[in-house]
Amino acid sequence: MSNQKKRIFQIEAFQNRVVVDPKYAEKTWKILVHAIHEIYNHNASGLSFEELYRNAYNMVLHKFGEKLYSGLVTTMTAHVKEISKSIEAAQGNLFLEELNRKWNDHNKALQMIRDILMYMDRTYIPDTHKTPVHEPGLNLWRDNIIHSGKIQSRLLSTLLELVHRERTGEVIDRGLMRNIVKMLMDLGSSIYQEDFEKPFLEVSAEFYRGESQKFIECYDCGDYLKKAEIRLNEEIERVTHYLDAKSEGKITNVVEKEMIANHMMRLVHMENSGLVNMLLNDKHGDLGRMYNLFRRVPNGLAMIRDVMTSHLRETGKQLVTDAESLKDPVEYVQRLLDEKEKYDGIISLAFSNDKTFQNALNSSFEYFINLNSRSPEFISLFVDDKLRKGLKGVSEGDVEIILDKVMMIFRYLQEKDVFEKYYKQHLAKRLLSLIVKLKTACGYQYTSKLEGMFTDMKTSQDTMQGFCSSHPELTDGPTLVVQVLTTGSWPTQPSITCHLPFEMSALCEKFRSYYLGTHTADIRSHTGRRLSWQTNMGTADIRYKSNFWEGLEKMLAIMACVKGKNVLRKEPMSKDIGEDDSFFVNEKFASKFYKVKVGTVVAQKESEPEKQETRQRVEEDRKPQIEAAIVRIMKSRKVLDHNNIIAEVTKQLQSRFLANPTEIKKRIESLIEREFLERDNSDRKMYRYLA
Amino acid sequence: MKRKDTVKLISADEMEFIIDKDAAMVSQTIGNMLTSPGGFAEMELGEVTFPEISAVILEKICQYFYWALQYSRGKETEFHIEPELTLELMMAPNYLHT
């Protein structure tokens, strides 16, 4: 209210003239046009930004925005057309440089103009939905320069010419190329694609078509591939240096198609240098290169794989039918092993362990190994031979390695049972021949037990058959395999009671009655036969269907509730039951006449770790016993010197074990630490009991 | 005493105001003036003349710049405008794009 009296704001303070005088607009516009000219002529310094900005501002404010905008477009068009002429006039090599320079100028001018006309951009343009200043600027450039009849084709051919020259080994101005290409990209990705990329790809295809044709005539496979690889890398590098990143995939496709896909067949089958040659000569480098290049084209790897497979089958077939190697089975198998190793090497070193190639290898081996029906026999002879050699001092490790390799070959056999048959025979023959040799060397007595063992095994087999056939109802329950051993033939060990689960003991009883039943009429024995179960020699296969580990552990613990020696032999031999442990209890029962200590048939080596473990356990058990003894003694004596303690403790524990003085000393130290005892301050050898 | 990071604003009645560039850049227009390529006079000389803005207004505008800077840095105070300046002052932001 009080303000009205003051009347300090006056409209004349509003300095902008509210004049809708067209002359004013014309005048203002002239100033701006002049400025634009100056800008394009690099004369802008000295111009007042503020003045120009204000003029443009005023025009827009006074509704002359339309005039401003259209005037701007007209002016810029004129300028750009002039620029076009100057570019066209450029001679030879200067063409690109001129284009580049003018483009930079244009961009700068555009920026300046946009800055002065900022107000228009902010207000007039959005209101009228026209495009902001810099867009007509770019469009003008595109229409009048890039698509100008005289420039368009010249630009393209110049660019392509440069690329071609670089491909033939010349050095070109990559920076300039990059700028021009960027210009095209700035004008729009469709410009880049239509005005450059597409023709570029076409020309490149032609180029590589020609080049690949030339190369394939004069280079061998390995060298050709090297060249192709070089070209491919070149193109990738070109893209990083001066092309749009999106072009990379497209140009590599071109190279792959022209240089590789189109000549795949011919390359692979090239005489003396193609795939087969590379395989034969273990040319890992070339093979690896072929793999890497071919994997880029459709069906490339398939082709390599197929050729490899058919070659492998051919050579494999020759291997197994070659008359020479058929005479020597060990040689035969060795050659198979060598071939397998060779291809394993190729696949891992050159074909990057490609699974499909691995599979092809496997199927080929399977194919030709089984062409020869004697393969299983030969393999078993080979194994036999190696095991025999193993005894002669070749290191066990080496033999293991060889056997592993043989196992791989073995897997290819379709008639694995044939192998088994042969191998059994060979093994048996070998054992028997060994026994014969021993007999000759050491006399009948020596070998009678061995022979007895063999006889027992055979007899047991028959007995089992009889048992099973007479008790058909037992097929569902746990299976029992019994070996009846003659006392005396077999090595002995103390047998310990084993509490068998109900099902097992029932089964055992059935067997016992069957056995004794069939032998009551035995003339040989006077007192009849007696069976005693040697469970410590047995193994059991437990199949426990349960998800609860604790249940299994419990059951295993029950089965193994034997004092001292476990009924279950565990692998690995450790106290704890681990997930991967397997238990073996296979009932081997035995003996007529008396209970005889029958030892385990388990190889002696295995008890070694077990022995050590037991030893350790025992040591641990002794420690508290020693400590208890020390405390007892000290409690009664209160004060005692070192030597006497040792003597007393040893005496006390005598009935159990012989205490080690060092161990006793250690225990004393430990007790001192835990403040059961203390050393006397004056005499280090005296100990005092601490209540 | 013209340091590099200042700029001189000159009013219609030839009053000179030297302010920090940071403050001046609060106005996008002034910012453009100073950074536009092409060597406009303003950038060359480091000063901008406003023949249509009076000293009183220009002074207020400068004060506004500093206040805006402070405000953006967290110091939230009020910007006091004398009522008699209001109308003219209104046009300034439009012109200066601030």
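- In the annotation of an unreviewed UniProt entry, chain B is listed under the name Elongin-C and assigned to Gossypium barbadense.
- The record in UniProt for chain B states the following under Pathway (unreviewed entry): "Protein modification; protein ubiquitination."

- Looking at an unreviewed UniProt entry, chain A carries the name Cullin family profile domain-containing protein, with the source organism given as Gossypium darwinii.
- According to its UniProt record, chain A has this under Sequence similarities (unreviewed entry): "Belongs to the cullin family."

### Describing the overall build of chain A
- Of the regular secondary structure elements, chain A holds 28 helices and 7 strands.
- Burial status across chain A gives 41% buried among its 691 residues.
- Excluding contacts between residues fewer than 6 apart, the proportion of contacts in chain A whose partners are at least 24 apart in sequence is 74%.
- Summing over all exposed atoms, chain A offers an accessible surface of approximately 39100 Å²; the carbon and sulfur share of this is 53%.

### Description of a nonpolar patch on the surface
Residue and element names in this part refer to chain A.
- Together, L427, L431, L432, L434 and F454 make up a nonpolar patch on the protein surface, roughly 410 Å² of accessible area in all.
- The greatest single-element share of the nonpolar patch, amounting to 4 residues, is contributed by helix α22 (residues 416-442).
- Along the chain, L431 falls in helix α22.
- On the basis of relative accessibility, which here comes to 35%, the residue L431 falls in the partly exposed class.

### Re the pattern of salt bridges
All names here are of chain A.
- Tallied over the entire structure, the rule returns 47 salt bridges over all chains.
- In this structure, R266 engages E217 in a salt bridge whose closest nitrogen and oxygen atoms are separated by 3.7 Å. Taken together, the residues R266 in helix α13 (residues 264-268) and E217 in helix α10 (residues 189-218) connect sequence positions 49 residues apart.
- Taking the relative accessible area as the measure of exposure, E217 reaches 55% and is therefore exposed.
- Here R289 ties to E229 by a salt bridge, and the two come within 3.1 Å at their closest N and O atoms. On the criterion of sequence distance, the pair formed by R289 in helix α15 (residues 284-294) and E229 in helix α11 (residues 221-242) is long-range, its members being 60 residues apart.
- Residues participating in the shared-partner salt-bridge network are E166, R167, R174, E235, E237 and R238.

### Quick look at the packing of α10 of chain A against helix α12 (residues 247-260) of chain A
Residues and elements named next belong to chain A.
- Put simply, α10 and α12 touch, their axes get as near as 8 Å, and they point 25° apart. Classified by the angle their axes make, α10 and α12 are roughly parallel. In terms of crossing hand, the pair formed by α10 and α12 is right-handed. From α10, Y192, Q193, E197, F200, L201, S204, A205, Y208, R209, E211, S212 and F215 reach across to α12, where they touch S247, K250, I251, V254, V255, E258 and M259.
- Partitioning the contact of α10 with α12 into residue classes produces 10 nonpolar, 4 polar and 5 charged.

### Observations regarding the interface of chain B and chain A
- At the interface, 23 residues of chain B touch 28 residues of chain A.
- Between chain B and chain A lies a buried interface of about 2400 Å² when both sides are counted; carbon and sulfur atoms form 61% of it.
- Linking chain B with chain A are 1 salt bridge.
- Its salt-bridge partner being E52 of chain B, residue R54 of chain A comes within 3.4 Å of it at the nearest N-O pair.
- At the boundary of chain B and chain A, one finds 6 residue pairs in polar contact (both at pLDDT 80 or more).
- At the level of elements, α2 (28-35), α3 (41-45), β3 (47-49) and α5 (86-96) of chain B are the ones that each hand at least two residues to the side of chain B that touches chain A.
- For the side of chain B that touches chain A, the element with the most residues is α5 of chain B, which contributes 4 residues.
- Broken down by class, the residue content of the side of chain B that touches chain A amounts to 10 nonpolar, 9 polar and 4 charged.

### Here's the deal with the nonpolar core
- In terms of nonpolar packing, the biggest core is built from 96 residues, with M120, W141 and L155 of chain A together with L9 and F50 of chain B touching the most fellow members.
- Residue contributions to this core peak at 9 residues, all from helix α5 (residues 94-116) of chain A.
- Structurally, this core is a two-domain feature, drawing no fewer than three residues from each of domain 1 (23-145) and domain 2 (149-298) of chain A.
- Once you skip the residues sitting within four places of it in the chain, F50 of chain B turns out to touch E50 of chain A together with L9, I10, S11, A12, I30, M33, L58, Y95 and L96 of chain B.

### Digging into the packing of aromatic side chains
- All chains considered together, the criterion is met by 23 aromatic pairs over all chains.
- With 6.5 Å between their ring centres and 15° between their planes, Y53 of chain A and Y57 of chain A make a pair best called stacked. Linking Y53 of chain A with Y57 of chain A, this pair stays in helix α3 (residues 49-61), spanning 4 residues, or about one helical turn. One exposure class covers both Y53 of chain A and Y57 of chain A, and it is buried.
- Aromatic side chains Y64 of chain B and F79 of chain B sit 5.4 Å apart centroid to centroid with 80° between the ring planes, which places their arrangement in the edge-to-face category. With a gap of 15 residues between them, Y64 of chain B in helix α4 (residues 55-72) and F79 of chain B in the loop between α4 and α5 connect regions that are remote in the sequence.
- Look at F79 of chain B and you get partly exposed, because its relative accessible area is 23%.
- Taken together, the ring pairs in this structure connect F49, Y53, Y57 and Y119 of chain A together with Y95 of chain B into an aromatic cluster.
- Over the ring of Y367 of chain A we find R313 of chain A; its NZ or CZ atom is 4.6 Å from the centre of that ring.
- In this structure, K60 of chain B is placed above the aromatic ring of F79 of chain B, and the distance from its NZ or CZ to the ring centre is 5.5 Å.

### Some thoughts on the sheet that holds strand β2 (residues 16-20) of chain B
Residues and elements named next belong to chain B.
- Read across the sheet, 3 strands follow the order β2-β1-β3 without closing on themselves; strand pairing throughout is mixed. A single partner strand is all that each edge strand has here, and the edge strands are β2 and β3. Neighbour to neighbour, the strand axes of the sheet diverge by 20° on average, direction disregarded.
- With 5 bridges joining them, strand β1 (residues 6-10) and β2 adopt antiparallel strand pairing. The residue bridging V7 from the neighbouring strand is I19, located in β2.

Conventions used here
- Residues numbered from 1 in each chain as written.
- Chains lettered and ligands numbered in written order.
- Predicted model: local features only at pLDDT ≥ 70, side-chain atom pairs only at ≥ 80, totals over all residues.
- Heavy atoms only, no water.
- UniProt positions renumbered as here; feature names shortened; annotations may be inferred.
- Helix = DSSP H or I, 4+ residues; strand = E, 2+ residues; numbered from the N terminus.
- Buried < 20%, exposed > 50% of the residue type's maximum accessible area, 1.4 Å probe, protein only.
- Contact = heavy atoms within 4.5 Å.
- Areas by Shrake-Rupley, 256 points an atom, 1.4 Å probe, with all protein chains shown as cover.
- Patch = residues over 30% accessible without salt bridge, like charges linked within 9 Å, V, L, I, M, F, W, Y side chains within 5 Å.
- Salt bridge = Lys/Arg side-chain N within 4 Å of Asp/Glu carboxyl O.
- Axes fitted to C-alpha atoms, helices over the stretch in contact; angles between N-to-C directions.
- Parallel < 35°, antiparallel > 145°, perpendicular 65-115°, else oblique.
- Left-handed = near helix turned anticlockwise from the far one by under 90°.
- Nonpolar A, V, L, I, M, F, W, Y, C, P; charged D, E, K, R; others polar.
- Buried area = accessible area lost by both parts, 1.4 Å probe.
- Polar contact = N/O pair within 3.5 Å; in protein donor to acceptor, adjacent residues only side chain to side chain.
- Core = buried A, V, L, I, M, F, W, Y, C linked by side-chain atoms within 4.5 Å.
- Domains from an automatic or database assignment.
- Phe/Tyr/Trp six-rings, centres within 6.5 Å; stacked < 30°, edge-to-face > 60°.
- Lys NZ or Arg CZ within 6 Å of the ring centre and 35° of its normal.
- Pairing = 2+ DSSP bridges.

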